[in-house]
Amino acid sequence: MANWNSEAEARERIKELVADYYHDFKEPIESKENFKSGDRISYASRVYDEKEMQSLTDAMLDFWLTTGRFSDEFEKKFAEWIDVKHAHLVNSGSSANLIAFSVLTAQELGERQIKRGDEVITVACGFPTTVTPIIQYGAIPVFIDVTVPQYNIDVTKLESALSSKTKAVMVAHTLGNPFDLTTVKAFCDKHDLWLIEDNCDALGSRYTIGDETRFTGTWGDIGTSSFYPPHHMTMGEGGCVYTNDAKLNRLILSYRDWGRDCVCPSGQDNFCGRRYEGQYGELPQGYDHKYVYSHFGYNLKVTDLQAAVGVEQLKKFPSFIKRRQHNWERLHKALESVQNKIILPEPVENSEPSWFGFLISIKPDTGIARNDVTKFIEDHNIQTRLLFSGNLIKHPCFDQIRGTDAYRVVGELESTEYIMNNTFWVGVYPGMTDEMIDYMAKVIIDAVNQ
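The structure contained in this document is the topic of the report that follows. It should be emphasised that the depicted structure is a prediction, and the values quoted were computed from it without experimental measurement.

**Some points on the overall build of the chain**
The secondary structure content of the chain amounts to 12 helices and 14 strands. Taking 2.2 N^0.38 as the reference for a compact globule, 450 residues should give roughly 22 Å; the C-alpha atoms of the chain span a radius of gyration of 24 Å, in line with that estimate. Taken along its principal axes, the extent of the C-alpha atoms in the chain is 75 × 70 × 45 Å. A buried classification covers 53% of the 450 residues belonging to the chain.

This is the structure:
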């Protein structure tokens, strides 16, 4: 039995052993000397060191498990970093989108409350969980087209999508490339619409309007992020919802934490000092406020184990952004020689993207099949991905509502269809070396020239 002088001493020794374990068994060796052509290149991967493993161990030794001190620390530091007043962790980016939309259905919002049958402008070319909450709450997604080579919402279609039922715009920044926030925000302000920025694939991207530059996710009413392993930083699973609006912040906490009316932190009783006072709904006077529910909510909290990883990831995050930008620019330059056959991605004007991936579209007049190209690349041990749903309306999840008034389409979605058939992407995650990027470029060039 070990003879520890204190729990603090025991913790430090355990964490030292964890660091030794990391260096002996987990530390990656990615250098020019050991990367060989043909080695596996994933589209994304975790980038971490002994600090994350030590922080995770520290949380494990607490054995608090649910939201706790590491969650509090992350929320505070994340809010400071992204420059918002309020940030709250949830268990995934999809849950973040669910919470972001849920709060806009609250009766406290008066005339701006989103009700069944109200419309929300979005796109079909993206990840489904940007759209799922709209449908689940009985609102009507209104799909408009996107642009190539930005792969973001076509802002020229916004006015034609507007109706007397429109209440919000909910759209994602595609693979790190911000959408045209200047136009979208002006449109929302003009028509008194909510703006939800799905920032799950663009954390760290910046956008400038006038003389002001902000991180994406902070220009709208609510922003969301994901910390799934392939994303810009990771907690394994996890997400975040953030806002500068005090009322929306209060609603975010309620919907995330069972829909409760009480604001007392987890594990603290009578924090507000009015636990047995007040009249709520048709409950008896003085009913325990911890068990009063003002909304139909969920339990979507993150665990402290996840947050402990995030605390250390956030410290590394600025370097992650720089490496993603470096990798994207190096790959872009290398592929310029085959621009006669492929369309290379372009950053949106007034933006500084934190790239999630590198999008490539096969030019329509080349006679080259996208699937032939991706199969060639995959056969050379390089992972590829499509632009998520391509066209969400074409998926089986729409089988029972296709052609009904459960959604609306504005225009022909021509670019969306083109992307569905001709576009793919590869990774630029910060664990990639120049040698990996160069090999990937060579294989892509060979693929389109075969």
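**Describing the nonpolar core**
Grouped together as the largest cluster of nonpolar side chains are 33 residues, with contacts concentrated most on Ile121, Ile144, Ile153, Leu158, Val169 and Val184. Taken together, the elements giving at least two residues each to this core come down to β2 (119–123), β3 (140–144), α6 (158–161), β4 (166–172), α7 (181–191) and α11 (414–422). Here Ile144 is in contact with Ile121, Thr122, Val123, Ala124, Ile153, Asp154, Lys157, Leu158, Ala161, Val410 and Leu413, once residues within four sequence places are set aside.

**Re the packing of aromatic side chains**
Summed over all chains, the structure comprises 21 aromatic pairs. Arranged with centres 5.2 Å apart and planes meeting at 45 degrees, the rings of Tyr21 and Phe25 form a pair that is tilted. One end of the pair is Tyr21 and the other is Phe25, both in helix α1 (residues 7–26) and 4 residues apart, which spans about a single turn. Note on Phe25: relative accessible area 61%, which makes it exposed. One aromatic cluster is present, formed by Phe74, Phe78, Trp81, Phe215, Phe227, Tyr242, Phe317 and Phe320 through successive ring pairs. Note that Arg112 overlies the ring of Trp194, its terminal NZ or CZ placed 3.7 Å from the centroid.

**Brief notes about the sheet that holds strand β12 (residues 357–362)**
A sheet is described by the order of its strands in space; here 3 strands give the open sequence β10-β12-β14, paired in antiparallel fashion. Each having just a single partner strand, β10 (342–343) and β14 (423–427) make up the two edges of the open sheet. In the sheet, β12 pairs with β14 via 5 bridges, with the strands oriented antiparallel. Bridging across to β14, Phe358 finds its partner in Val426. Each of β10, β12 and β14 touches helix α9 (residues 304–335); the most contacted strand, β12, lies at about 25 degrees to it. Sheet strands in contact with helix α10 (residues 370–379) are β12 and β14, and its direction is about 20 degrees off that of β14.

**Some points on the environment of Gly93**
Secondary-structure assignment places Gly93 in helix α4 (residues 93–103). Overall, Gly93 belongs to the buried group, its relative accessible area being 6%. When the C-alpha positions of Gly93 and Thr224 are compared, they lie 6.8 Å apart, and in sequence the two are 131 residues distant. Look past the residues within four positions of Gly93 in its chain and what remains in contact with it is Cys200, Ser225, Ser226, Gly238 and Gly239.

**Some words on the layout of surface pockets**
If you add up the space inside the largest pocket, you get close to 500 Å³. Grouping the amino acids of the lining of the largest pocket by side-chain chemistry returns 19 nonpolar, 14 polar and 4 charged. Lining the second largest pocket are 18 residues, with Asp72, Leu253, Arg256, Pro265 and Ser266 positioned closest to its centre. Those elements that provide at least two residues to the lining of the second largest pocket are α3 (69–82) and α8 (246–256). A total of 3 residues in the lining of the second largest pocket trace back to one element, the largest contributor, which is α8. Split by residue class, the lining of the second largest pocket holds 7 nonpolar, 4 polar and 7 charged.

Cut-offs used in this document
Residues numbered from 1 in each chain as written. Predicted model: local features only at pLDDT ≥ 70, side-chain atom pairs only at ≥ 80, totals over all residues. Heavy atoms only, no water. Helix = DSSP H or I, 4+ residues; strand = E, 2+ residues; numbered from the N terminus. Rg over C-alpha atoms; globule rule 2.2 N^0.38 Å. Buried < 20%, exposed > 50% of the residue type's maximum accessible area, 1.4 Å probe, protein only. Core = buried A, V, L, I, M, F, W, Y, C linked by side-chain atoms within 4.5 Å. Contact = heavy atoms within 4.5 Å. Phe/Tyr/Trp six-rings, centres within 6.5 Å; stacked < 30°, edge-to-face > 60°. Lys NZ or Arg CZ within 6 Å of the ring centre and 35° of its normal. Pairing = 2+ DSSP bridges. Axes fitted to C-alpha atoms, helices over the stretch in contact; angles between N-to-C directions. 1 Å grid on protein atoms, 1.4 Å probe; cavity = no way out; pocket = protein on both sides within 12 Å on 5 of 7 lines; lining within 4 Å. Points joined across faces, edges and corners; volume = space filled by probe spheres on them. Nonpolar A, V, L, I, M, F, W, Y, C, P; charged D, E, K, R; others polar.

By themselves, these figures tell us nothing about what the structure is for.
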